[in-house]
Every structure is written in structure tokens, then in C-alpha cells.
Amino acid sequence: MKTSIIYHSYSGVTRGIAEQIQKACGGNLTEVKSREYSSRLTAYTIGCYRAMKGLCDTIEPETIDVSSSDLIVIGTPVWAGRATPAINAAVAALKGCDGKKAVIYATCGGKERETIPILKKALEAKGVTVAGEFVFDKTGVKDPNRINGMVTLVKSMGSTS
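Everything quoted here is computed from the prediction, not taken from an experiment. (Residues numbered from 1 in each chain as written. Predicted model: local features only at pLDDT ≥ 70, side-chain atom pairs only at ≥ 80, totals over all residues. Heavy atoms only, no water.)

**Describing the overall build of the protein**
Just so we agree on the cut-off: Counting from the N terminus, the helices are DSSP H or I runs at least four residues long and the strands are E runs at least two residues long. Radius of gyration: over C-alpha atoms. The globule rule applied is 2.2 Å multiplied by the number of residues raised to the 0.38 power. Buried means the residue's accessible area, taken with a 1.4 Å probe over protein chains only, is under 20% of the maximum for its type, while exposed means over 50%, and partly exposed covers the values in between. In this analysis, two residues are considered to be in contact whenever any of their non-hydrogen atoms come within 4.5 Å of each other. Only the protein chains shown count as cover for residues, and all accessible areas are computed by the Shrake-Rupley method using a 1.4 Å probe. As used throughout, the charge tally considers Lys and Arg to be positive and Asp and Glu to be negative, leaving His and the chain termini uncounted. We put the charge of a Lys on NZ, of an Arg on CZ, of an Asp on CG and of a Glu on CD.
What the protein contains, in helices and strands, is 5 helices and 10 strands. Whereas a compact globule of 161 residues would reach a radius of gyration of roughly 15 Å, the protein reaches 14 Å, a difference of no more than 12%. The C-alpha extent of the protein, read off along each of the three principal axes, is 40 × 35 × 25 Å. Within the span of the protein, comprising 161 residues, buried residues form 44% of the whole. Here the analysis covers contacts within the protein between residues at least 6 apart in sequence; of these, 79% occur between residues at least 24 apart. Taken as a whole, the protein presents about 7700 Å² of accessible surface, with 50% of it coming from carbon and sulfur. Distance between charge centres in the protein, computed from 21 positive and 15 negative side chains, equals 3 Å.

The following block contains the structure:
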């Protein structure tokens with residue numbers, strides 16, 4: 001089975017977890033990059049406002065074809081209690097995802113608030129079944145046992161490259 005690991009990471013925390021998943025399970029790694037912000041200040045101020053509104057950024061890559069994958073893993077930082085606008089756009093950009101399973105995760109400094117339920121609903125609207133949900137707060141991102149719990153689920157779903 002083939003896995004697509006899709007993530008947005010502004011500070012590198014979410015990327016670190018995505019890379020750990022790929023190292024342990026294989027699969028294709030796709031970093032989604034926003035083309036909206038010129039600095040860290042605008043990313044967090046304008047980006048958080050856009051996240052609260054559930055808006056999408058212009059992203060690179062513009063489309064993400066997962067038709068050859070059996071499992072999708074999606075990771076997002078939490079901005080203002082929601083997924084980032086880049087991940088909102090990534091979900092909208094998914095092609096060939098109907099009938100697929102997904103594992104989703106969020107990284108945050110505090111609470112994830114509405115991030116996971118909103119992300120799950122957006123994926124379900126595209127025909128994706130969310131089979132696992134994980135949240136890694138500032139202590140969780142440093143806890144190998146918590147990360148291994150997600151890796152174990154991804155492996156159990158038959159992930160190989």
C-alpha cells in the first residue's frame with residue numbers, strides 16, 4: 001500500500017513529525033507552502049485571521065493527486081484554533097481522494113480547539129474516511145511514545161513506499 005503524507009509547517013514542528021512518519025512508514029512526503037505571506041509577522045497575523053475564517057491560501061503545489069495512494073496522512077499547525085489556510089487549500093486541492101482513508105494530526109502550543117473536527121469534516125466532504133486523529137501540544141511533540149502511537153496506526157494500515 002502507498003501512503004501520501006501532506007503537511008504545512010511554518011516553524012518546522014509539523015514537518016518534523018511528518019518526516020518521522022515517512023522515515024518509519026515510507027510514503028511520499030508533500031510539503032504545502034503558502035504564497036501569501038512575506039514575513040513571519042504577516043504569516044501569523046494575517047494567517048491567523050484567515051485561519052479563523054476558514055479561508056484558503058494560494059499554495060504550492062496547486063493540486064495534490066493522491067489517486068495512487070491508499071492512505072493519506074495530513075498534518076497542520078494550529079493557528080487561532082484552526083488548521084492553517086495552507087492546509088485548508090491542500091484539502092481543497094486533493095484529487096483522487098474519494099474512498100481513501102486518512103490519519104490527521106495537529107501540532108499546537110496549547111489547545112487545538114476546532115482544528116481536528118473541521119479538518120475531518122472537510123475531508124469527509126471529499127469522500128475520505130478519517131481513521132485516526134492526533135494532537136501534539138508543546139510537550140507531545142517531544143514525546144516519542146505519543147508520536148509512535150500515530151506511527152503504529154499508520155503502519156497497521158499497511159503503509160509502505
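**A closer look at the nonpolar core**
Our working rule: Throughout this description, the term nonpolar core refers to a set of buried Ala, Val, Leu, Ile, Met, Phe, Trp, Tyr and Cys residues connected via side-chain atoms within 4.5 Å.
Ile6, Ile72, Ile74, Leu94 and Leu123 are the most contacted members of the largest nonpolar core, which has 26 residues in total. At the level of elements, strand E6 (71-79), helix H3 (85-93), strand E9 (101-107) and helix H4 (115-125) are the ones that each hand at least two residues to this core. Per-element accounting of this core gives the leading share, 6 residues, to H3. When near neighbours in sequence (up to four residues on either side) are disregarded, Leu94 contacts Ile6, Ile64, Val66, Ile74, Leu123 and Lys126. Ranked by size, the runner-up nonpolar core spans 17 residues in total, among them Tyr7, Ile21, Cys25 and Val73.

**Focus: the packing of aromatic side chains**
This is how the line gets drawn: Here is the rule: rings of Phe, Tyr and Trp (six-membered ring for Trp) pair when centre to centre is within 6.5 Å. Planes less than 30 degrees apart are stacked, more than 60 are edge-to-face, and the remainder are tilted.
In total, this model carries 6 aromatic pairs according to the counting rule given. Through successive ring pairs, a cluster of aromatic residues spans Tyr10, Tyr37, Tyr44 and Trp79.

**Digging into unusual backbone geometry**
Here the bond from Glu60 into Pro61 is cis, since omega is 0 degrees, no more than 30 degrees from zero. You can see Pro61 is positioned in the loop between strand E4 (59-60) and strand E5 (64-65). Not every positive phi belongs to a glycine, and Ala80 is a case in point at roughly 55 degrees. Of note, the phi angle at Arg113 is positive, near 45 degrees, even though the residue is not glycine. Checked against the element boundaries, Arg113 lands in the loop between E9 and H4.

**Some thoughts on the packing of helix H1 (residues 13-25) against helix H5 (residues 144-156)**
Definition in use: To obtain an axis, a line is fitted to C-alpha atoms, over the contacting stretch when the element is a helix, and the angle between two such axes runs from 0 to 180 degrees between their N-to-C directions. The labels follow the angle: roughly parallel below 35 degrees, roughly antiparallel above 145, roughly perpendicular from 65 to 115, and oblique for the rest. Helix crossings get a hand from a simple test, with the near helix turned counterclockwise from the far one by less than a right angle marking a left-handed crossing and a clockwise turn marking a right-handed one. Only Asp, Glu, Lys and Arg are considered charged, only Ala, Val, Leu, Ile, Met, Phe, Trp, Tyr, Cys and Pro nonpolar, and every remaining residue, Gly among them, polar.
Between H1 and H5, whose axes approach to 10 Å, the crossing angle comes to 45 degrees. Relative to H5, the element H1 lies oblique. Every pair of crossing elements has a handedness; the one defined by H1 and H5 is right-handed. Each of Ile17, Gln20, Ile21, Ala24 and Cys25 in H1 lies in contact with H5, whose residues at this interface are Ile147, Met150, Val151, Val154 and Lys155. Looking at the contact of H1 with H5 residue by residue, the classes come out as 8 nonpolar, 1 polar and 1 charged.

Such coordinate-based values are descriptive only and should not be taken to indicate function.
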